[in-house]
Amino acid sequence: MIELSSSIEGKHYQLYKLEQLLKPLGYTIGGNWDYDHGYFDYKIDDEVGYQFLRVPFKAVDGQLDSRGATVAFGKPFLLGHKYQRGLDDYAAAGDFSGTVNQFSEPQDPDASIPDKYVDIGRELVKELEDIMMTN
């Protein structure tokens, strides 16, 4: 994980407006959100693993699933995850197991991030700052 400084950190926005601005650019709300915090994720690459720019946010007025929720951005960071090649060491056979455990364990859930992705991440943060300043 590599943190990236940004002028959007601590700024407040309506979550609905953020979704309208960021989703067309390729951002998604990460699946690990809760009622008081979440992440906008931008997938940079997914070869042999994945690299994301992750922009955390937390609710400052209302809950994330409520109309009109206001959120504050946290410090953006790059996240790398390297897939395991071959068979999962902890794989189990069986009808039920196959429906629940579809994915292999990560080889490295906090993989190092090559410099080229750090540069791309910085460019994405700059683009995000520019968009948020004009809206």
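The text that follows walks through the structure, step by step, so that each part is easy to find. These numbers come from a predicted model, not from an experiment.

Basis of the calculations
Residues numbered from 1 in each chain as written. Predicted model: local features only at pLDDT ≥ 70, side-chain atom pairs only at ≥ 80, totals over all residues. Heavy atoms only, no water. Phe/Tyr/Trp six-rings, centres within 6.5 Å; stacked < 30°, edge-to-face > 60°. Helix = DSSP H or I, 4+ residues; strand = E, 2+ residues; numbered from the N terminus. Buried < 20%, exposed > 50% of the residue type's maximum accessible area, 1.4 Å probe, protein only. Core = buried A, V, L, I, M, F, W, Y, C linked by side-chain atoms within 4.5 Å. Contact = heavy atoms within 4.5 Å. Salt bridge = Lys/Arg side-chain N within 4 Å of Asp/Glu carboxyl O. Arc of directions from axis to C-beta.

### Some details on the packing of aromatic side chains
Piece 1. Scanning all chains against the criterion turns up five aromatic pairs.
Piece 2. Relative to Phe77, the ring of Tyr39 lies with its centre 6.4 Å away and its plane at 85°, an arrangement referred to as edge-to-face. Placement of the pair is Tyr39 in strand 4 (residues 37-45) and Phe77 in strand 7 (residues 77-83), with a sequence separation of 38 residues.
Piece 3. When the ring of Phe40 is compared with that of Phe57, the centres are 5.1 Å apart and the planes differ by 45°; the resulting orientation is tilted. With a gap of 17 residues between them, Phe40 in strand 4 and Phe57 in strand 5 (residues 49-61) connect regions that are remote in the sequence. Grouping residues by exposure puts Phe40 and Phe57 together as buried.

### Some remarks on the nonpolar core
Piece 1. In this structure, Phe40, Leu53, Phe73 and Met132 are the most contacted members of the largest nonpolar core, which totals 25 residues.
Piece 2. For this core, the secondary-structure elements that each account for two or more residues are helix 1 (15-22), strand 4, strand 5, strand 6 (70-73) and helix 3 (115-134).
Piece 3. With residues near it in sequence (within four places) discarded, Met132 still touches Ile8, Tyr13, Leu18, Leu21 and Phe73.

### A look at the pattern of salt bridges
Piece 1. One pass over the structure, following the stated rule, counts five salt bridges.
Piece 2. Among the ionic pairs, Arg122 bridges to Asp119, the shortest N-O distance being 3.8 Å. Of this pair, Arg122 and Asp119 both sit in helix 3, three residues apart, which is roughly one turn of the helix.
Piece 3. One salt bridge in this structure joins Lys126 and Asp130, with 2.9 Å as the shortest N-O distance. With a gap of four residues between them, Lys126 and Asp130 both fall in helix 3, about one helical turn apart.
Piece 4. Lys126 sits in the partly exposed class, given a relative accessible area of 47%.

### Looking at helix 1
Piece 1. Considered for burial, the residues of helix 1 that qualify are Leu15, Leu18, Leu21 and Leu22. In an axial view of helix 1, the angular spread of the buried residues amounts to 125°, which keeps them on one side of the axis.
Piece 2. Residues of helix 1 that are buried in the fold lie against strand 2 (12-14), strand 3 (27-29), strand 4, strand 5, strand 6 and helix 3.

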